[in-house]
Amino acid sequence: MNSKGKFIGLNQRIPFEVLDSSIHFYLENGIVDKLFILQHMLEFTTGINRANKASTYVSQILSRQENLLIKLKNQLKETPYNELRIDDRKAFCLCLISLTYPITYNLLVALAQGFKVQDQINKKFISEKVMSIYGSNRTVDVAIDALLPMIIELSTIKRDKVSLYSKASNLGIINKFISELVIFTDIKLSGSKSILIEDLSFKPWYSFFYISALAPGSLHQLISIKESAIGMGYITI
């Protein structure tokens, strides 16, 4: 699916529980097991056709982001994925979804921009912001409808009432690799080559996260921290 030349690729909700368990299965077994994903998806999705489609999205995320999954596995070593804090796992899932389907990133940036000026935003505002990037058509609207319940599950926003949303508390990120992945995702999807460290608290994407693990001694598997003549330095990928 494309709109205005931009890839959308998603039109159905992916439950966090399914993606989360599928990541754990992959890290434990080293394979994308489509039957495992489908069986778990059927617990959350009505109808075999819908479950098959949503399972395909999960398989795409795992396959396309396999390099990141392997890096996380190497970093965790003897620690099972499911023993990570829930905020870390939700942030990891959010980054994988965004890197596979960048409309997720653009939706969150639009939400963050809205929340800077008002506490609640409605579906009309969200649709207008996203459609300004992807075009105004049914495909984009369906993608937004699929993504909103997903990002609610991932604790970035709250649904206050029908078509009205507010920001949730920030996801607190402790794991060093996932801290780097949050920053890597923003730099890659924003099209920038680097970001000043002091700008992390101002860019829209970071308004959904509290990163506590970015410090000297970080892993530097995905990002590099460079010194600069002024300020705290800058980050590149």
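Residues numbered from 1 in each chain as written. Predicted model: local features only at pLDDT ≥ 70, side-chain atom pairs only at ≥ 80, totals over all residues. Heavy atoms only, no water.

*Asks:* I tried to follow the pairing of strand β4 (residues 157-161) on my own but got confused; where do I start?
*Replies:* On a regular strand, one side chain projects to one face of the sheet and the next to the other, so that they alternate. The sheet contact formed by β4 and strand β5 (residues 164-167) spans four bridges and is antiparallel. Within β5, the position partnered with I157 by the bridge is K167. Taking the residues that link successive antiparallel strands as the turn, the β4-β5 hairpin has two residues, and the phi of S163 there is positive, at about 65 degrees. (Pairing = 2+ DSSP bridges. Helix = DSSP H or I, 4+ residues; strand = E, 2+ residues; numbered from the N terminus.)

*Asks:* Even after reading the chapter, I still don't get helix α9 (residues 176-190), so can you show me in this structure?
*Replies:* For an α-helix the count is 3.6 residues per turn, leaving residues at separations of three or four pointing the same way. With 15 residues, α9 extends 21 Å from end C-alpha to end C-alpha; this agrees with the ideal 21 Å at 1.5 Å per step. Restricting attention to buried positions, one finds in α9 the residues F177, I178, S179, E180, L181, V182, I183, F184, T185, D186 and I187. Taking the backbone nitrogen of F177 as reference, a side-chain oxygen 3.0 Å away marks N175 as the first, capping residue of α9. Immediately downstream of α9, the backbone of G191 shows phi near 80 degrees, a positive value. (Expected span 1.5 Å × (residues − 1). Buried < 20%, exposed > 50% of the residue type's maximum accessible area, 1.4 Å probe, protein only. Polar contact = N/O pair within 3.5 Å; in protein donor to acceptor, adjacent residues only side chain to side chain.)

*Asks:* I tried to follow the side chain of D88 on my own but got confused; where do I start?
*Replies:* With respect to the element layout, D88 can be found in helix α5 (residues 86-100). With a relative accessible area of 2%, D88 lands in the buried category. Engagement of the side chain of D88 in a polar contact is seen with the backbone nitrogen of I174, the distance being 2.9 Å. A polar contact of 3.1 Å, which involves the side chain of D88, links it to the backbone nitrogen of N175. Apart from residues no more than four positions distant in its own chain, D88 is found in contact with G172, I173, I174, N175 and I178. (Contact = heavy atoms within 4.5 Å.)

*Asks:* Mind showing me how you'd approach the pattern of salt bridges here?
*Replies:* Once the charged atoms of two side chains with opposite charge are near each other, the side chains can pair. Applying the stated rule across the entire model yields eight salt bridges. With its nearest N and O atoms 3.0 Å apart, the salt bridge here joins R13 to E153. Of the two residues, R13 is situated in the loop between β2 (6-7) and α1 (16-29) and E153 in helix α8 (residues 138-153); the sequence distance between them amounts to 140 residues. Given the relative accessible area of 27%, R13 is considered partly exposed. Among the salt bridges present, the one from D20 reaches R89, with a minimum N-O distance of 2.8 Å. Of this pair, D20 sits in helix α1 while R89 sits in helix α5; the two residues are 69 residues apart in sequence, bridging distant segments of the chain. Exposure remark for D20: the relative accessible area of 10% places this residue in the buried category. We classify R89 as buried; its relative accessible area is 12%. (Salt bridge = Lys/Arg side-chain N within 4 Å of Asp/Glu carboxyl O.)

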